[in-house]
Structures are given as structure tokens and as C-alpha cells.
Amino acid sequence: SSEFEQSRGSAGGGGASGGGASGTVVSGGSGGGSTTTTDGTGTKKLCQYCNKLITKTYLNLHIRTVHLRIRPYPCPYCQATFTQSASKNYHVQHVHKEMQ
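Residues numbered from 1 in each chain as written. Predicted model: local features only at pLDDT ≥ 70, side-chain atom pairs only at ≥ 80, totals over all residues. Heavy atoms only, no water.

A.B. asks: Looking at this structure, I do not really get the overall build of the protein. What am I missing?
C.D. replies: For the protein, the helix and strand inventory stands at three helices and six strands. Listing the helices and strands of the protein from first to last along the sequence gives α-β-β-β-β-α-β-β-α. Split into buried and exposed, the 100 residues of the protein put 18% on the buried side. Long-range contacts, defined as pairs at least 24 residues apart, comprise 4% of the intrachain contacts of the protein with a sequence gap of at least 6. Total accessible area computed for the protein in this model is approximately 7000 Å², and 50% of it derives from carbon and sulfur atoms. (Helix = DSSP H or I, 4+ residues; strand = E, 2+ residues; numbered from the N terminus. Buried < 20%, exposed > 50% of the residue type's maximum accessible area, 1.4 Å probe, protein only. Contact = heavy atoms within 4.5 Å. Areas by Shrake-Rupley, 256 points an atom, 1.4 Å probe, with all protein chains shown as cover.)

A.B. asks: Whenever I open this one, the environment of Thr-81 confuses me. Can you help?
C.D. replies: Assignment of secondary structure puts Thr-81 in strand β6 (residues 81–82). The class of Thr-81 is partly exposed, set by a relative accessible area of 29%. Aside from chain neighbours lying at most four places away, what touches Thr-81 is Arg-71, Tyr-73 and Pro-74.

A.B. asks: Mind showing me how you'd approach unusual backbone geometry here?
C.D. replies: Most peptide bonds take the trans configuration, and most residues that are not glycine carry a negative phi. Of note in the backbone geometry, Asn-51 takes a positive phi value of approximately 60° without being a glycine. Structurally, Asn-51 is set in the loop between β3 (43–46) and β4 (53–55). Asn-51 sits in the partly exposed class, given a relative accessible area of 44%. Backbone geometry at Arg-69 places phi at a positive 55°, although glycine is not the residue there. Within the element layout of this structure, Arg-69 appears in the loop between α2 (56–67) and β5 (73–74).

A.B. asks: What should I look at first to understand the pairing of β3 in this one?
C.D. replies: Look at any regular strand and the pattern is simple: side chains alternate between the two faces of the sheet. In terms of strand pairing, β3 meets β4 through three bridges, oriented antiparallel. What sits directly across from Lys-45, in β4, is Ile-54. What sits between β3 and β4 in their antiparallel hairpin is a turn of six residues, with Asn-51 showing a positive phi close to 60°. (Pairing = 2+ DSSP bridges.)

A.B. asks: What is the right way to look at the confidence of the model for the protein in this model?
C.D. replies: Caution applies to low-pLDDT parts of the model: their predicted coordinates are not meant to be read in detail. Averaged over every residue, the pLDDT of the protein is 75; the share at 70 or more is 62%. Segment residues 1–23 is flagged for pLDDT under 50; beyond a separation of four residues in sequence, or across chains, it makes twelve contacts in the model. (pLDDT = per-residue confidence, 0-100.)

A.B. asks: Looking at this model, I keep getting lost on the side chain of His-96. Mind explaining?
C.D. replies: Here His-96 is to be found in the segment after α3 (85–95). At 3.1 Å, the side chain of His-96 forms a polar contact with the side chain of His-91. Among residues more than four places away in sequence, those in contact with His-96 are Cys-75, Tyr-77, Cys-78 and His-91. (Polar contact = N/O pair within 3.5 Å; in protein donor to acceptor, adjacent residues only side chain to side chain.)

This is the structure in C-alpha cells:
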């Protein structure tokens, strides 16, 4: 099973069996044709780049890091850059521990 099939399966489409998981509500949002779903785990929105359903609070981070590849956290000791400050901090502590 491919990543695409897995992401479409999580959308609650149901395929040939009809209907999604119970308690799932899918609607076309007014915000630029985005799709939202509420399935007990929080509101999810459809990523405009890969069509995965991503929790609303994580969607902007997902787009910046996965699709736009924005890496705003540079290592102060080498040329490595990171999408999250925690990743940079881990790198510095484990790769450059002699420089601290």
C-alpha cells in the first residue's frame, strides 16, 4: 500500500464499502476550497500540495517544512540547517558537543 493510498484512506472516503468512520464529518470549507473533517481527533484540513488531511494547527508547519522546505534554523558550527529549533538543538548537542 502506497503513502498516497494510506493518506486517502485516512480521509474517511470509505471506498466501495460506502461511508467513512462513524462520527466523521467532512465538508468543503469556504476558505479556498479546503476540506475539513472532525473525527474526534480535532479539525483537519486538506493540504493543497499533497491532499493529505492534516490537523489544523499543524498544517502551516507541514507546508513550510515538507513542501516549501523552509529551514530557518542554521547550525552555528556547520552548514546544516533545520526545520525546527529542537532538531537544531539536538544536532548541536550531539554532533558539536566538544564545541560547547
